[in-house]
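# Survey of secondary and tertiary structure
What follows is each chain in one-letter form.
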Amino acid sequence: MPDASKGAHSAVRARAWGALVFALTFGALAWLWIDRATGFPIEFDAYENLTAAYNLVHHGVMSIEDAPDAAPQPSEHREPLPILALAAYLAAIDPLLGEAPLAELASGAPARLLKYSNIPWAVLLTLVLYGSVLRWTGSHGWAAFCTLAVHAQLAYQYDFLYSEIAAAALLALSSATAALAVERRRPFYWLLAGLLFGAMALTKAAFFYVALVCIAGLILWRLWCRLRASEAVTPYAPLALVLGMGIVVAPWMLRNYIHFDTPTLSGRGGIVLLTRALKNGMSAEEYRGAWFAYAPRPLRRLTGKLTGFDDRDLKDGGRLVRLVRFASPADRPAMEQGRPEQAVSYYARANAMRTELERLHPQASEVEIDRMLKARAMALLRADPWAHVATTPLFLWRGAPYTLLILGVGLVYACYRRQAWLCVYVAPALLLLGFYGAVSHFIPRYAEPAWPVAAVVFAILAHAAWRTLRKRAGRRTRETELAQAPLMEAGR
């Protein structure tokens, strides 16, 4: 009885300690979420998200057209789920905003209030990340550390209306659900994973292709299990995953097919692919210098010494100026006027090409312009496919060197330990980064949704390493004690 009572008290203390750690973590993050939002203007992609949400609330149509005096036309330029969430938040706070027009919402106090729409996504991310680390390590310390570290890196996003926080929460949740599906071996979890995969695809369209690869991999895995008479994955897993994803993405794809004659998820693929295709044509000197220009800040000095470049090469007139957007004063006018021959950077040239097409084809829709951009990009890729292959490692280096390393080590560890659930957990994030490296210019922001998954994998690896070291230390201690026992007996 005393032992049982002692064990019960120990369990109560452990639960109390865990609750305290979580409460302190959540409290610190709540302060971060509120403090980081400011009245800084909502611009660029974030303004398009706000415009689409505003039009949905006030005009009943999802459109990025900012036309106060005309009824906006439907658009498919951006993924819908973050816009739907923002529209719901906007409708809820509409009494506080009054009849303020869209232009007045993009800065000052209204902008700060709108940026609080990130908080529900942040709460979901916190719960999923903390819970995932706790489930697979059993450590509140590791859970708190990883949760705080990820939010510290994402802190600047709470002053914007991008979709990275939503994508980070959904990717972490969908990956965890898929891992649970492997552990539990029930079709329901695969159906839920499919629903979440669909939600992620409606947040980041690139994930749609990742999901297709995951589905194909699951089918192959199921066939392998059948050949080996194994029940490692339920027979209905691929069907449940496809069904769940189809339920979510089919309505949006149907809507786009009705309006634009194409079942796309978003309409920005053309400009991204063209930017990458133009950068494939960088010179040999620029390719060497890009390893410096695209290096993470802590490694910039080292890569500069290895490649022979420094920060002066990134400025106007420098050897690497074409790799840096807007380093040249000629870039912005070239983009605005649609004069690609006057643009200096590859990024500005691609966007100037889009402006030029819009000027030459004023009646063309966004979808048609996007198709033209894709056609130009594909022509460049077909002309020199090996250049595209050669630059892929460079853009992986640019976008996610640390995250790729952690996820890659996690995948190797999972295969070595034959932990199928961990393989499934790592795969979606790893494939997403690979997709960005293969078809985009992979700016670091694209990798942010994978950070929570990488943090969980880091905690799993670190916890496993710590347990291994403790076991080895304990084994050495026991061996030393056994070796010293005869000597102690002889001394007596």
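What you see is a predicted model, and the numbers here were worked out from it, not measured in a lab.

### Overview of the overall build of the protein chain
Looking only at helices and strands, the protein chain has 21 helices and zero strands in total. The C-alpha atoms of the protein chain give 26 Å as radius of gyration, which agrees with the globular expectation for 492 residues (23 Å, within 12%). The principal-axis extent of the C-alpha atoms belonging to the protein chain is close to 100 × 60 × 55 Å. When each of the 492 residues of the protein chain is scored for burial, the buried share is 48%. When the accessible area of the protein chain is evaluated, it comes to approximately 24500 Å², of which 63% is carbon and sulfur surface. Distance between charge centroids for the protein chain: 13 Å, based on 50 positive and 37 negative side chains.

### Examining the nonpolar core
By size, the foremost hydrophobic cluster in this structure holds 135 residues, and its most contacted members are Ile 42, Trp 190, Leu 407 and Tyr 425. Looking at this core element by element, the count peaks at 13 residues for helix α8 (residues 164-184). Discounting chain neighbours no more than four positions away, the residues touching Ile 42 are Tyr 47, Leu 50, Leu 105, Ala 106, Ala 111, Leu 114, Lys 115 and Leu 161.

### Some words on the side chain of Thr 403
In this fold, Thr 403 is placed in helix α19 (residues 401-417). Judged by relative accessible area, Thr 403 falls into the buried class, the value being 8%. Excluding its chain neighbours within four sequence positions, the residues that come into contact with Thr 403 are Leu 433, Ala 450, Trp 451 and Ala 454.

### A closer look at helix α2 (residues 44-59)
The terminal C-alpha atoms of α2, which comprises 16 residues, lie 21 Å apart, in line with the 22 Å expected from a rise of 1.5 Å per residue. All buried positions along α2 are accounted for by Ala 46, Tyr 47, Asn 49, Leu 50, Thr 51, Ala 52, Ala 53, Tyr 54 and Asn 55. As for α2, its buried residues are in contact with α3 (80-97), α4 (102-105) and α5 (108-115).

### Focus: the environment of His 463
Topologically, His 463 is positioned in helix α21 (residues 451-491). Classification of His 463 by relative accessible area gives buried; the value is 15%. In this structure, the C-alpha to C-alpha distance between His 463 and Leu 405, residues 58 residues apart in sequence, is 17 Å. Leaving out residues up to four positions away in the same chain, His 463 has contacts with Thr 137 and Trp 142.

### Considerations on a nonpolar patch on the surface
Together, Trp 17, Leu 20 and Leu 24 make up an exposed nonpolar region whose accessible area comes to about 360 Å². Topologically, Trp 17 is positioned in helix α1 (residues 2-36). On the accessibility criterion, Trp 17 (54% relative accessible area) is exposed.

What counts, and at which threshold
Residues numbered from 1 in each chain as written. Predicted model: local features only at pLDDT ≥ 70, side-chain atom pairs only at ≥ 80, totals over all residues. Heavy atoms only, no water. Helix = DSSP H or I, 4+ residues; strand = E, 2+ residues; numbered from the N terminus. Rg over C-alpha atoms; globule rule 2.2 N^0.38 Å. Buried < 20%, exposed > 50% of the residue type's maximum accessible area, 1.4 Å probe, protein only. Areas by Shrake-Rupley, 256 points an atom, 1.4 Å probe, with all protein chains shown as cover. Lys, Arg positive; Asp, Glu negative; His and termini not counted. Charge placed at Lys NZ, Arg CZ, Asp CG, Glu CD. Core = buried A, V, L, I, M, F, W, Y, C linked by side-chain atoms within 4.5 Å. Contact = heavy atoms within 4.5 Å. Expected span 1.5 Å × (residues − 1). Patch = residues over 30% accessible without salt bridge, like charges linked within 9 Å, V, L, I, M, F, W, Y side chains within 5 Å. Salt bridge = Lys/Arg side-chain N within 4 Å of Asp/Glu carboxyl O.

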